[in-house]
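Residue-level listing of the chains:
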Amino acid sequence: MSLTLTVVIPDHSIGSGLAILSAIITFFFLTPIPVDGVEKEDADFREYLVAHGYDVSQMGLGVHEDGESDRSISDEKAAA
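Overview of the structure.

1. Quick word on the overall build of the protein chain
For the protein chain, the count of helices and strands is three helices and zero strands. Tracing the protein chain from N to C terminus, the helices and strands come up as α-α-α. Across the 80 residues in the protein chain, those meeting the buried criterion constitute 4%. Summed over its atoms, the accessible surface of the protein chain is roughly 7600 Å², and 63% of this surface lies on carbon and sulfur atoms.

Written out as structure tokens, the structure is:
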């Protein structure tokens, strides 16, 4: 006489376990972002680019479909 043991794990248990694991990893291994975190990251990235010889003179100036850059559009708004 042989007994077989089968374990049935519902699908929602796997998903719940992964969600809990993700929450634990996030809580213990990710640092909180301060209020001015994005601006600080942008400044640090700009300094990194400058230190490695990249030209950042036009960084942040997008060119629109009509060919105008953000700088010319903001100049027009300031003049109006």
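2. Focus on the packing of aromatic side chains
Inspection of the entire model under this criterion finds one aromatic pair. When the ring of Phe-27 is compared with that of Phe-28, the centres are 5.0 Å apart and the planes differ by 85 degrees; the resulting orientation is edge-to-face. Residue Phe-28 is classed as exposed on the basis of its relative accessible area, which comes to 61%.

3. Observations concerning the pattern of salt bridges
One pass over the full model with this rule turns up one salt bridge. The closest approach of N and O atoms between Lys-40 and Asp-44, which form a salt bridge, is 3.0 Å. With a gap of four residues between them, Lys-40 and Asp-44 both fall in helix H2 (residues 37–51), about one helical turn apart. The exposure class assigned to Asp-44 is partly exposed, which follows from its relative accessible area of 32%.

Criteria and cut-off values
Residues numbered from 1 in each chain as written. Predicted model: local features only at pLDDT ≥ 70, side-chain atom pairs only at ≥ 80, totals over all residues. Heavy atoms only, no water. Helix = DSSP H or I, 4+ residues; strand = E, 2+ residues; numbered from the N terminus. Buried < 20%, exposed > 50% of the residue type's maximum accessible area, 1.4 Å probe, protein only. Areas by Shrake-Rupley, 256 points an atom, 1.4 Å probe, with all protein chains shown as cover. Phe/Tyr/Trp six-rings, centres within 6.5 Å; stacked < 30°, edge-to-face > 60°. Salt bridge = Lys/Arg side-chain N within 4 Å of Asp/Glu carboxyl O.

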